[in-house]
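Inside the fold
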Amino acid sequence: MALAFFGLSIYLLFTLDLHHSSASPVYAASQGAEITYGSTIKLMHERTRFRLHSHDVPYGTGSGQQSVTSFPNVDDSNSYWIVRPLLSSSSKQGDSIKSGTIIRLQHMRTRKWLHSHLHASPISGNLEP
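Cut-off values and rules
Residues numbered from 1 in each chain as written. Predicted model: local features only at pLDDT ≥ 70, side-chain atom pairs only at ≥ 80, totals over all residues. Heavy atoms only, no water. Pairing = 2+ DSSP bridges. Helix = DSSP H or I, 4+ residues; strand = E, 2+ residues; numbered from the N terminus. Salt bridge = Lys/Arg side-chain N within 4 Å of Asp/Glu carboxyl O. Buried < 20%, exposed > 50% of the residue type's maximum accessible area, 1.4 Å probe, protein only. Contact = heavy atoms within 4.5 Å. Polar contact = N/O pair within 3.5 Å; in protein donor to acceptor, adjacent residues only side chain to side chain. Phe/Tyr/Trp six-rings, centres within 6.5 Å; stacked < 30°, edge-to-face > 60°. Lys NZ or Arg CZ within 6 Å of the ring centre and 35° of its normal.

**Regarding the sheet that holds strand S5 (residues 104-107)**
With respect to topology, 3 strands assemble into an open sheet ordered S1-S4-S5, the strand pairing being antiparallel. In this open sheet, the two strands that pair with only one neighbour each are strand S1 (40-41) and S5. Direction of pairing for S1 relative to strand S4 (residues 81-84): antiparallel, over a ladder of 2 bridges. Pairing of Ile41 across the sheet is with Trp81, part of S4.

**A few points about the pattern of salt bridges**
A side chain of one charge can pair with a side chain of the opposite charge if their charged atoms are brought near each other. What the rule picks out here adds up to 2 salt bridges. Across the pair Lys112 and Asp56 runs a salt bridge whose closest N-O atoms are separated by 3.7 Å. With Lys112 in the segment after S5 and Asp56 in strand S2 (residues 51-58), this pair connects stretches of sequence that are 56 residues apart. By relative accessible area, Asp56 is classed as exposed at 55%.

**Quick notes on the environment of Trp81**
Within the secondary structure, Trp81 is located in strand S4. In the structure, Trp81 is positioned 24 residues away from Leu105 in sequence and 5.9 Å away in space, judged by C-alpha atoms. Beyond its immediate sequence surroundings of up to four residues, Trp81 is in contact with Ser39, Thr40, Ile41, Leu52, His53, Ser54, Val68, Leu105, Gln106, His107, Met108 and Leu114. A polar contact of 3.1 Å, which involves the side chain of Trp81, links it to the backbone oxygen of Leu52.

**Examining the environment of Pro72**
Within the secondary structure, Pro72 sits in the loop between strand S3 (66-71) and S4. Sequence-distant contacts of Pro72, defined by excluding residues within four places in its chain, comprise Arg49, Phe50 and Arg51.

**Observations regarding the packing of aromatic side chains**
What describes a pair of aromatic rings is the distance from one ring centre to the other and the angle between the planes of the rings. For the structure shown, the criterion picks out 0 aromatic pairs. Sitting over the ring of Tyr80, Lys42 keeps its end group 4.6 Å from the ring centre. Note that Arg104 overlies the ring of Trp113, its terminal NZ or CZ placed 3.9 Å from the centroid.

**Examining unusual backbone geometry**
A positive phi angle, close to 65°, is found at Arg49, a residue other than glycine. Inspection of the secondary structure assignment puts Arg49 in the loop between S1 and S2. With a phi close to 65°, Arg111 is a non-glycine residue in the positive phi region. Looking at where Arg111 falls in the secondary structure, it is placed in the segment after S5.

Everything listed is a geometric property; what it means functionally is a separate question.
Below, the structure written as structure tokens:
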């Protein structure tokens, strides 16, 4: 569920301007900022303003892989993600990302990939991201 939510967030990031504010990704793009493969980004939940966060602490049960949560601090260095193309893509670092493109996210500090599992999270009971 969380992965689907952030997938939708990425989709919205590249297609909608909901607030027309200077904090809007679409506004940033209209000012010349461009997200390309290799860009480092933070994903923020608009309502709570928490960022998608991870660090090298594995789940103690379930998949046993690196945990992914949300975090409120703006200056947290474990909330950076690198935008990568699909393995089947011929895109390379620096190429522009077109609206609607499916991307992969790699955690900047640990270099691990964001993906989901059919294991319940011991924290929320939802599927692990």
